[in-house]
Amino acid sequence: MRVLGIETSCDETAASVVALDGASAPEILSNVVLSQIEEHAAFGGVVPEIAARAHVEALDGIVEAALADSGVVLGDIDAIAATAGPGLVGGLIVGLMTAKAIAAAANKPLIAINHLEGHALTARLTDGLDFPYLLLLVSGGHTQIVAVRGVGDYQRWATTIDDALGEAFDKTAKMLGLPYPGGPNVEKAAASGNAARFAFPRPMKGSAQPDFSFSGLKTAVRQAATAIAPLSDQDVADICASFQAAVADALGDRVGRALNRFRQELPGKADPALVVAGGVAANRTIKATLEKLCVQAGFQFVAPPLKLCTDNAAMIAWAGIERLRAGMAEENAADFVPRSRWPLDSISAPMVGSGRRGAKA
């Protein structure tokens, strides 16, 4: 079984071919990702119109490169899987319409994939993890805790009521004059900072409500920076270190509650696991906090390689394989309309702060 995956939900243009041969471990035959960081750096964040235009210009070449790298031709592909949401709708249109055209021209099945499902199932591609397990997704657009029970069977236990964590990192970096993307630059500055200098709040810590919140923390950073402006390099480092410590502490509290709930609701799971995915998972302070938490709670800690934690098409191709072998590929995918908002768990009630149109994801 070979599936071509296409991913264009935000600011990476990506294509990949993933293969599964019987009982053998899955194999990533190719995984081509073109980042748009340089195009968006001047704006301190992703500009949707620029992202969509860049996808249009690059995607055909990226797909050709993925096929060439994989050593297979389009006729050898069993299906086309493409991200259909959630994300920036302009980019989604580019990727999904391209996938529809390829599928129609080559007479191949098309599978519309929820971007979050790609993240949720990556640990099965990289580590062969068995269901069920717990997923912490922390990225520029999403901060969620999800119980992953099976393909298409997801229960959202927590989400952010305002900013995603990656967004909070980007906005903090911008306030402090650090380059985009914010996450790695805040972490780099924090390495020489004093994390005890600023007593930033730990949002939602101790709250019975399971969700995340980062807007107030971001405001506290702004107030601290304004109070001591102009900022020296050491001031910036101390603010970054204090911000990072607050984030890690808050995440530890929220995830700790989820680990306890997992134990209570799924007591028969002999070797429970916490999977951490998304670009923020690369942060060493956050990762160390979560690893320590898992050791204390008796959970396996699983973090796929960074190139498969950030947006990529291998996870989309793999999600396509998972759906194909589960008999869950949509028959009418050619008519699928891109969705800027597409909750992985559509049953859960909208969270506070999700807006009139409902939760993004």
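Residues numbered from 1 in each chain as written. Predicted model: local features only at pLDDT ≥ 70, side-chain atom pairs only at ≥ 80, totals over all residues. Heavy atoms only, no water.

Moving on to unusual backbone geometry. Here the residue pair Gly 85 and Pro 86 is connected by a cis peptide bond, since its omega of -15 degrees sits within 30 degrees of zero. Examined against the element boundaries, Pro 86 turns out to sit in the loop between β4 (79-85) and α3 (89-106). Of note, the amide linkage connecting Ala 229 to Pro 230 takes the cis form, showing an omega dihedral of 0 degrees. As for its placement among the helices and strands, Pro 230 is situated in the loop between α7 (215-227) and α8 (233-265). Positive phi is not limited to glycine here, since Met 204 has a value of about 70 degrees. Secondary-structure assignment places Met 204 in the loop between α6 (182-190) and α7. (Helix = DSSP H or I, 4+ residues; strand = E, 2+ residues; numbered from the N terminus.)

Glancing now at the packing of aromatic side chains. Applying the stated rule across the entire model yields 7 aromatic pairs. Seen in terms of ring centroids, Phe 131 and Tyr 133 are 5.9 Å apart; in terms of plane orientation they differ by 10 degrees. Their pairing is stacked. Judged by relative accessible area, which is 23%, Phe 131 ranks as partly exposed. Ring centres 5.2 Å apart and planes at 40 degrees place the aromatic pair Phe 336 and Trp 342 in the tilted group. By the burial criterion, Phe 336 is buried, and Trp 342 matches it. Of the aromatic side chains, those joined through ring pairs into one cluster are Trp 157, Phe 262 and Phe 299. The ring of Trp 342 carries Arg 339 above its face, with NZ or CZ at 4.8 Å from the centroid. (Phe/Tyr/Trp six-rings, centres within 6.5 Å; stacked < 30°, edge-to-face > 60°. Buried < 20%, exposed > 50% of the residue type's maximum accessible area, 1.4 Å probe, protein only. Lys NZ or Arg CZ within 6 Å of the ring centre and 35° of its normal.)

As a further point, take the pattern of salt bridges. By the definition in use, this model includes 15 salt bridges. A salt bridge links Lys 218 to Asp 163; the nearest nitrogen and oxygen atoms lie 2.7 Å apart. Taken together, the residues Lys 218 in helix α7 and Asp 163 in the loop between β8 (153-159) and α5 (165-175) connect sequence positions 55 residues apart. Assigned by exposure class, Lys 218 and Asp 163 land together as buried. A salt bridge links Arg 254 to Asp 253, with the shortest nitrogen-to-oxygen separation between them at 2.9 Å. Relative accessible area serves as the criterion here: at 2%, Arg 254 is assigned to the buried category. Of the residues examined, Asp 253 reaches a relative accessible area of 19% and is grouped as buried. Taken together, the shared-partner salt bridges connect Asp 163, Glu 167, Lys 171 and Lys 218 into one network. (Salt bridge = Lys/Arg side-chain N within 4 Å of Asp/Glu carboxyl O.)

This part takes up the confidence of the model for the chain. For the chain, the mean per-residue pLDDT works out to 92, and 96% of the residues sit at or above 70. Predicted confidence in the chain is weakest over helix α1 (residues 37-41), with a mean pLDDT of 87, and strongest over strand β1 (residues 2-7), with 98. Throughout residues 352-360 the model reports pLDDT below 50, and contacts reaching past four residues in sequence, or to other chains, amount to 16 contacts. (pLDDT = per-residue confidence, 0-100. Contact = heavy atoms within 4.5 Å.)

Glancing now at the sheet that holds β1. Strands sit in the order β3-β2-β1-β4-β5 across an open sheet of 5 strands; the sheet is mixed. Among the strands making up the open sheet, the edge pair consists of β3 (27-35) and β5 (110-114). Adjacent strand axes in the sheet meet at a mean angle of 20 degrees, parallel and antiparallel pairs treated alike. Pairing analysis gives 6 bridges linking β1 to strand β2 (residues 12-19), with the strands arranged antiparallel. Within the sheet, the bridge partner assigned to Gly 5 lies in β2 and is Ser 16. (Pairing = 2+ DSSP bridges. Axes fitted to C-alpha atoms, helices over the stretch in contact; angles between N-to-C directions.)

Burial of strand β6 (residues 133-138) is extensive: 6 of the 6 residues sit out of reach of the surface. By the alternation rule, side chains of β6 split into Tyr 133, Leu 135 and Leu 137 and Leu 134, Leu 136 and Val 138, which are all buried. In this sheet, strand β7 (residues 143-150) lies alongside β6 in antiparallel orientation, the contact comprising 6 bridges. By the bridge assignment for β7, Leu 136 is matched with Ile 145.

Turning our eyes to something else, we now look at the side chain of Thr 143. With respect to the element layout, Thr 143 can be found in strand β7. A distance of 2.8 Å separates the side chain of Thr 143 from the backbone nitrogen of Leu 165, its partner in a polar contact. Once residues lying within four places of it in the same chain are set aside, the contact partners of Thr 143 are Leu 137, Val 138, Ala 158, Thr 159, Thr 160, Ala 164, Leu 165, Phe 212 and Phe 214. (Polar contact = N/O pair within 3.5 Å; in protein donor to acceptor, adjacent residues only side chain to side chain.)

The strand order β8-β7-β6-β9-β10 describes an open sheet built from 5 strands, whose pairing is mixed. Looking at the sheet topology across the chains shown, the edges are occupied by β8 and β10 (300-302). Along the sheet, successive strands turn relative to each other by an average axial angle of 25 degrees, direction set aside. Here strand β9 (residues 273-277) pairs with β10 via 3 bridges, running parallel.

All right, on to the pairing of β4 then. For β4, a buried count of 7 out of 7 residues is recorded, marking the element as mostly surrounded by other parts of the structure. Both β1 and β4 contribute to a ladder of 4 bridges, which runs parallel. If you follow Leu 4 over to β4, its bridge partner there is Ile 80. Note that β4 and β5 share 5 bridges and pair parallel.

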